[in-house]
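Structural description and commentary
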Amino acid sequence: MKNHSPDKEIRLLPPQSQTGPGAVLIYPNSYSVGMSSLALHQVYRHFADAGLSVQRAFYDEAETDPRSFEMREPIFRFPLVAYSLTYEPDILHIVRHLNRSGIPPLWRDRDEQCPVVLVGGLGVAANPALAEEFADVICTGEGEMVIPHIAAAISAKDLNRKSRLEKLAEQEGLYVPPLGFAENRFALAYPVVTDLETCPCHSLFLTPDDEFGGAFLIEVSRGCSHRCKFCLVSHRVGQVRFRSGSSICGLVNEYGNRIRKVGLMGAAVSDHPDLTEVAEYLVGKGLSFSCSSLRADRLTDDLLALLRKGGNQTITLAPESGDEQHRRDLGKPIKDLVLFDAVERAGKVGFSKLRFYWLIGTPNRDLEGEIDAIIGCCREIERIFMVGGGCKITCIVSPWVPKAFTPFAGESMASAGEIRRAIRKIRRVLAFRGGIHVPPQSVWEAQIEGILSVRDRDFVTSRILRVSLGGEEARSVFC
Ligand code: SF4
């Protein structure tokens with residue numbers, strides 16, 4: 001794990017006893033991406049609280065003999081090897097990581113000496129088919145609901161491998177493919193925590209090398225009530241739950257002078273009923289802060305002013321479509337007036353940068369119409385926002401990707417060629433006018449994500465094996 005070391009981190013969790021059976025918690029992507037995932041911190045805490053000796057590991061393409069991050073121990077020595085899978089294509093890293101670690105990637109090849117391999121996270125909860133041939137156990141719910149049971153099963157003495165798996169299978173939210181494939185993977189339970197106050201979820205290690213520059217991340221909400229038709233969060237994670245403002249401020253207070261910035265995390269941050277009070281508290285303490293998501297229809301003047309005082313220069317919004325009716329059809333009914341008004345007020349408060357997320361290739365929609373609507377909407381945004389001059393607008397144009405459990409799950413993606421041409425046209429037209437930056441997107445990565453998100457076990461397994469172990473190019477195998 002070059003250039004990264006536990007010595008460079010600020011540890012907010014007291015040292016663990018390291019006496020229980022070992023668990024290695026692996027993020028199947030780089031250290032920077034993994035440390036930016038609150039799920040990693042949260043699961044680490046719960047495994048440690050449940051009595052396991054936990055270490056972390058990350059995926060590094062150059063690492064041929066993977067080791068744990070903390071103590072550089074070989075992965076196969078841990079009784080529990082747990083992967084957190086949010087982004088579906090990371091399954092390719094998981095299979096390669098298992099193989100390099102000396103653990104047979106297919107569960108049917110494992111014997112009594114092998115660790116129990118667990119895969120959890122939203123990616124696999126949405127489509128367990130991804131990991132059905134690789135994981136001994138798939139977690140299909142929120143970690144807090146199953147971790148005590150996992151720890152008890154791993155700690156139980158005198159159990160052979162089969163009995164241990166049977167014990168794991170007793171818990172709702174744990175699916176054990178070696179005991180039989182689920183007849184209907186969409187019927188697997190997704191148990192959730194009802195009260196976030198019972199499970200503080202925040203950074204346990206601060207590092208300047210994460211994607212938030214070392215911010216103390218706090219989960220302020222889970223789930224989302226808006227139910228946009230393309231969005232996995234609202235259709236798999238369930239009803240929105242909020243952590244109270246007093247408990248968010250209490251957590252910030254607890255870690256006092258070790259924190260300089262705070263990241264408020266969740267799919268529905270701007271729906272939080274106490275967001276303005278929390279923002280006032282953070283600004284009053286002299287802390288900078290950012291929000292992981294904002295909706296144009298929740299941006300009050302007070303909140304915009306506090307975001308500026310909290311050190312933000314950019315407002316990020318995700319209108320998805322440039323056409324008001326299309327936004328309604330997608331389940332995101334933000335009116336043009338509301339969007340343009342938010343842009344105007346952001347400019348007046350002193351924001352110098354705007355970032356927008358757009359989707360193209362959505363079901364039942366003509367691509368040319370989507371392109372024209374995005375271009376028209378961006379021109380209007382530019383007209384409103386650039387009045388003061390010297391401002392920047394970035395537009396991230398991404399292909400729509402099907403996700404299981406959403407109303408669009410059965411729809412097909414536009415072809416890579418069509419999407420590429422569409423993004424090129426948007427870039428050409430908007431960049432020509434000077435002020436709007438449209439970064440290139442990896443279209444084929446989105447195609448792979450789409451396949452892995454919805455296709456069945458046989459289809460994905462053979463392709464994953466060809467790429468992860470056979471060394472074939474993912475692009476040519478999947479696209
Ligand atoms: S508002 Fe955001 S998080 Fe909520 S359903 Fe829509 S896209 Fe998903």
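Since we're looking at a predicted model, the values are computed, not measured.

Attention now moves to the overall build of the protein. The number of helices and strands found in the protein is 17 helices and 17 strands. Taken against the 2.2 N^0.38 rule, which gives 23 Å for 479 residues, the C-alpha radius of gyration of the protein at 23 Å falls within 12% of a compact globule. If you line up the protein on its principal axes, its C-alpha atoms span 70 × 50 × 40 Å. Considering only residue pairs separated by 6 or more positions, the protein has 73% of its internal contacts joining residues 24 or more positions apart.

As a further point, take the site of the ligand. All residues adjacent to the ligand are Cys224, His226, Arg227, Cys228, Cys231, Val233, Ser234, Ala267, Ala268 and Lys332. Residue classes in the shell around the ligand are distributed as six nonpolar, two polar and two charged.

On to the domain arrangement of the protein. Per the domain assignment, the segments making up the protein are domain 1 (6-187), domain 2 (215-311) and domain 3 (313-441). Counting from both sides, the interface comprises six residues of domain 1 and, opposite them, seven residues of domain 2. The leading source of residues in the side of domain 1 that touches domain 2 is helix α4 (residues 122-126), at three residues. Looking at the side of domain 1 that touches domain 2 residue by residue, the classes come out as six nonpolar, no polar and no charged.

Taken together, the five bridges between strand β14 (residues 314-320) and strand β15 (residues 353-360) define a ladder with parallel strand orientation. By the bridge assignment for β15, Thr316 is matched with Arg355. Summarising the sheet, β15 and strand β16 (residues 392-399) pair through eight bridges and their orientation is parallel. The partner of Lys353 across the bridge, within β16, is Lys392.

Cut-offs used in this document
Residues numbered from 1 in each chain as written. Predicted model: local features only at pLDDT ≥ 70, side-chain atom pairs only at ≥ 80, totals over all residues. Helix = DSSP H or I, 4+ residues; strand = E, 2+ residues; numbered from the N terminus. Rg over C-alpha atoms; globule rule 2.2 N^0.38 Å. Contact = placed C-beta atoms within 7 Å. Near = placed C-beta within 6 Å. Nonpolar A, V, L, I, M, F, W, Y, C, P; charged D, E, K, R; others polar. Domains from an automatic or database assignment. Pairing = 2+ DSSP bridges.

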